[in-house]
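Survey of secondary and tertiary structure
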Amino acid sequence: MTSGHILSTATIDRLILPGELSVQEIEASYPARALPAGAEVMRTAPSPTGYLHIGTLYTALICKIVARQTGGIYALRMEDTDQKREVEGARELIMELLEDFDLMYDEGPVVGGDKGEYGPYTQSQRGNLYYAYVRRMLEQGHAYPCFMTPEELETMVAGQIQQKIRPGYYGQWAAWRDRPETEVIAALDAGKPFVIRFRSLGNGNKKRVVEDRIKGRKELPENDNNIVLIKRDGLPTYHLAHIVDDHLMHTTTVLRADEWFSSVTLHIQLAEAVGVAPFTYAHIAPIQKMDGSSRRKLSKRKDPEASASTYLQQGYPTVAVAEYLLLLANSNFEDWRVENPGKSYLDFPFRLEKMQKNSGALISLQKLDDISQNYLAKLAPGELLSQASEWAGRFDQALQITLQANPSYTEKVFNIERSGGQRKDITKFSELRGAYGFFFDDIYKQITDFDFGQIEKSDVAAIITAFLQTYNLNHTQEEWFENIKRLGSQLGFTPNTREYRQNPDAFKGSVAEVAMVLRVALTGRNRSPNLYDVMQVMGKERLTVRLSHFAST
RNA sequence: GGCCCCUUCGUCUAGUGGUCCAGGACGUCAGGUUCUCAUCCUGAAGAUCGCGGGUUCGACUCCCGCAGGGGUCACCA
């Protein structure tokens, strides 16, 4: 199976020091998992190079659901082998946000260590593992050192492109692939830095059939690139790390972004060369967005909607975000949701095979809003209060204090028109202040512009005075409304809105205007939930205090 | 540029040879109920299934070509 020159042990020792553990010993310490048949071991593997990308959330969600439904494991692995791109604090942020979105993993890095027996779950801590495998590859001739400088490489690739040859380190271009050992020793003696490359046996002109759980049976060209396994800085590349890690962690299905699809044949080859069983893959299309007239995948740098924390900040319930993502993944989730209103989305029978094969869906904030609205509308008042307070605690602390000052009052406020999920006026927690703030005296007090529209000031005072004299907390809604009609008509406002519409000059307005005056005075806004309910919740004292400011003296 | 993948209403999609002159959801528009808003109800517009060829009695569904879009060709993941 091997070809080319196999270096002597003495030379290999200068490349990679023999580790404490051999491959055999390592494998023995990562035994097969004791899981029920059919259990899936899934993992999500972000790089700590910035905020948590919505795509990472997406894969994490799928991993969690699949693992949960098959009685398997969902793990987090921190892929931090690119120290140049690493962003301070990113790993903690990723871990926190996954927890915020209720996507806590069964295994993975946690504050102060690791959770799980198949770690370490941070790649920068797994050096000895990678070295053991690479050493064995070296010994078997599946890998070799390359002393080409980055500048030489760049020149080579530029030349290939200019000659319209497929760029890469392969075939005649693989300069160090078959150098005699004496040259390797000479370069080592000269202290030249090096990388370790994969001695690919592939033929770029041949095809290979690959099976993908989402994309199905596809044909890809074999890989012939002698890709880098260990970088100059001693850290592994993604390719090597993926093979070693997923093998040792016993990942059953490698779920990753579509951009990896064309590397599948490379990874199959690598698995063979490393001496491990090939993996089952599932490649998921990236979430895209419209940019001018073309679409592109969500960019970390340009698009705020690519960041998971944006949704949290804006106050979308995490469940709504998860359900939106789930809908993108399996479109029949929508029907299931309607049929199973009480169940958790985690119970949705998810199928990887049902995921879309196309090149990626456009993100739709309108759809997210709709899902969020429906979710919030069905929330029990107590639950709404607890979620809203939690959000406010992080993003609007004054609001949190207001909401919690009198919890039973807040719950009554949230209970208005809530039976049956009728009040779909809130899309996210950040809208709470604007929509319901007026119920709370500290927020109401800040209102300065009471806009009564076309209604004369004297009429405003007259209506409010008359109302204050006749209001009775014990009125039913019918009695209450009759009262408003009556006092309105005594002041020149017809109880019949249609009549007013047909003959606007005969009246000052209709009962609608009368109610509007009361509404504006009480809430500072010209739109509110059912006024009767608003008054019932506010109670006589608060109502009297507020209305008295507008009454005639 | 080479290679790979994809292509159904504005958006997300259902659809695997006849049940589809294509169904649903979101969005949009119109009307109705209503004290405003939000609901709710009724209805409407919206895809010649990217285009062109085949195969077939019959194609959104199978085959070929083309076009468009996306991805990939790093000592980044």
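The rules behind these values
- Residues take numbers from 1 onward in each chain, read along the sequence in its written order.
- Ligands are numbered from 1 and chains lettered from A, in the order in which they are written.
- Only residues with pLDDT of at least 70 are given local features in this predicted model, and only at 80 or more are side-chain atom pairs given and counted; all residues enter the totals for whole chains, interfaces and linings.
- Excluding hydrogens and water, the side-chain figures rest on all heavy atoms present in the structure.
- In plain words, nonpolar cores are sets of buried Ala, Val, Leu, Ile, Met, Phe, Trp, Tyr and Cys residues tied together by side-chain atoms within 4.5 Å.
- Burial status follows relative accessibility: with a 1.4 Å probe on protein chains alone, a residue under 20% of its type maximum counts as buried, one over 50% as exposed, and anything between as partly exposed.
- Should any heavy atoms of two residues lie within 4.5 Å, those residues are considered in contact.
- Distance thresholds for patches are 9 Å for like charges and 5 Å for nonpolar side chains (Val, Leu, Ile, Met, Phe, Trp, Tyr), applied to residues having over 30% relative accessible area and no salt bridge.
- All accessible-area figures derive from a Shrake-Rupley calculation using a 1.4 Å probe, and residue coverage is judged against the displayed protein chains alone.
- What makes a salt bridge here is a side-chain nitrogen of Lys or Arg within 4 Å of a carboxyl oxygen of Asp or Glu, nothing more.
- Working convention for charge: Lys and Arg count positive, Asp and Glu count negative, and His plus the chain ends are omitted.
- Taken as the charge centre is NZ of Lys, CZ of Arg, CG of Asp or CD of Glu, depending on the residue.
- Only DSSP runs of H or I covering at least 4 residues are called helices, and only runs of E covering at least 2 are called strands; the numbering of each starts at the N terminus.
- In this analysis, the expected span of each helix is defined as 1.5 Å times one less than the number of residues it contains.
- We call a residue near a molecule or strand as soon as one heavy atom of that residue lies within 4 Å of the molecule or strand.
- In protein, a polar contact requires one atom able to donate a hydrogen and another able to accept it; more generally it is a pair of N or O atoms within 3.5 Å, and residues adjacent in sequence count only if both atoms are side-chain atoms.
- Along the chain, pLDDT gives the predictor's confidence residue by residue, from 0 to 100.
- Paired strands are those between which DSSP finds at least two bridges.
- An axis is simply a line fitted to the C-alpha atoms; with a helix, the fit covers only the stretch in contact. Between two such axes, the angle follows the N-to-C directions and lies from 0 to 180 degrees.
- Paired rings are identified among Phe, Tyr and Trp, the last through its six-membered ring, by centres lying within 6.5 Å, and are further divided according to the angle between planes into stacked (under 30 degrees), edge-to-face (over 60) and tilted (the rest).
- Here, over-ring charges are defined by two tests on the NZ atom of lysine or the CZ atom of arginine: distance to the ring centre within 6 Å, and angle to the ring normal within 35 degrees.

Grouped together as the largest cluster of nonpolar side chains are 58 residues, with contacts concentrated most on W176, L229 and L270. Excluding residues that lie within four positions of it along the chain, L270 makes contacts with M137, F198, I227, L229, H239, L240 and I243. If you look at the next biggest cluster of nonpolar residues, it comprises 54 residues, including V413, I416, F467 and A551.

In this section: a negative patch on the surface. A cluster of acidic residues, E88, E92, E96 and E99, forms a negative patch on the protein surface. Looking at where E99 falls in the secondary structure, it is placed in helix α4 (residues 90-100).

This brings us to helix α3 (residues 54-70). In this model α3 runs 24 Å from its N-terminal to its C-terminal C-alpha over 17 residues, within 8% of the 24 Å that 1.5 Å per residue would give. Where burial is concerned, most of α3 is hidden: 13 out of the 17 residues are buried. Looking one or two residues beyond α3, the residue adopting positive phi is G71, at roughly 75°.

Of all residues adjacent to RNA strand B, which total 64 residues, the nearest are K231, E334, K367, R423 and S528. Sugar and phosphate atoms represent 71% of those atoms of RNA strand B found within 4 Å of the protein. In this structure, a base nitrogen belonging to RNA strand B sits 2.9 Å away from a side-chain N or O atom of Q477. Between RNA strand B and N526 there is a distance of 3.2 Å, counted from a sugar or linking oxygen to a backbone nitrogen or oxygen. Looking at the surface near RNA strand B, the elements that each hand over two or more residues are α6 (150-162), β6 (195-198), β8 (216-221), β13 (294-297), α13 (365-378), α20 (477-490) and α22 (511-523).

Take the pattern of salt bridges next. Inspection of the entire model under this criterion finds 37 salt bridges. Of the charged contacts in the structure, one is a salt bridge between D441 and R542, with a shortest N-O distance of 3.1 Å. Here D441, found in helix α18 (residues 441-444), pairs with R542, found in helix α23 (residues 531-548); they are 101 residues apart in sequence, far enough to count as distant. The exposure class of D441 is partly exposed, given its relative accessible area of 31%. A salt bridge links K485 to E482; the nearest nitrogen and oxygen atoms lie 3.7 Å apart. Pair noted here: K485 and E482 are both in helix α20, with a separation of 3 residues, about one helical turn. On the basis of relative accessible area, K485 is assigned to the partly exposed category, the value being 23%.

Glancing now at the confidence of the model for chain A. Caution is warranted with low-pLDDT regions, since their predicted coordinates should not be read in detail. Taken as a whole, chain A shows an average pLDDT of 92; of its residues, 99% reach a score of 70 or greater. Overall fold confidence (pTM) sits at 0.93, and the ipTM for the predicted complex is 0.95.

Two pairing modes exist for strands in a sheet, parallel and antiparallel, and in both the strands are linked by backbone hydrogen bonds. Taken in spatial order, the 3 strands line up as β5-β6-β9 in an open sheet, and their pairing is antiparallel. A strand with exactly one partner marks an edge of an open sheet, and here the two such strands are β5 (143-146) and β9 (228-230). Averaged over all pairs of adjacent strands, the angle between strand axes in this sheet comes to 45°, irrespective of strand direction. Pairing of β5 with β6 involves 4 bridges; the strand directions are antiparallel. Across the sheet, residue A143 finds its bridge partner in β6, namely F198.

Turning next to the environment of T70. Its place among the elements puts T70 in helix α3. Since its relative accessible area comes to 25%, T70 is described here as partly exposed. Taking C-alpha positions, T70 is 9.0 Å from V41, a pair spaced 29 residues apart along the chain. T70 has contacts with P36, G38, A39 and E40, leaving out every residue within four places of it along the chain.

A word on the packing of aromatic side chains. One pass over the full model with this rule turns up 22 aromatic pairs. With a centroid separation of 5.5 Å and an interplanar angle of 50°, the aromatic rings of F147 and F194 are classed as tilted. Here F147, found in the loop between β5 and α6, pairs with F194, found in the loop between α7 (181-189) and β6; they are 47 residues apart in sequence, far enough to count as distant. Every member of this aromatic cluster is reached through a ring pair, and the members are F414, Y436, F438 and F439. Here the guanidinium or amino end of R33 rests over the ring plane of Y118, the centre of that ring lying 3.9 Å away. In this arrangement the basic side chain of R542 is found over the ring face of Y409, its NZ or CZ atom lying 4.1 Å from the centre.

This part takes up the environment of F467. Its place among the elements puts F467 in helix α19 (residues 457-470). Sequence separation of F467 and L518 is 51 residues, and the distance between their C-alpha atoms is 8.6 Å. Non-local contacts of F467, meaning those with residues more than four positions away in its chain, are made with W480, N483, I484, L487, L518, M535, L543 and L547.

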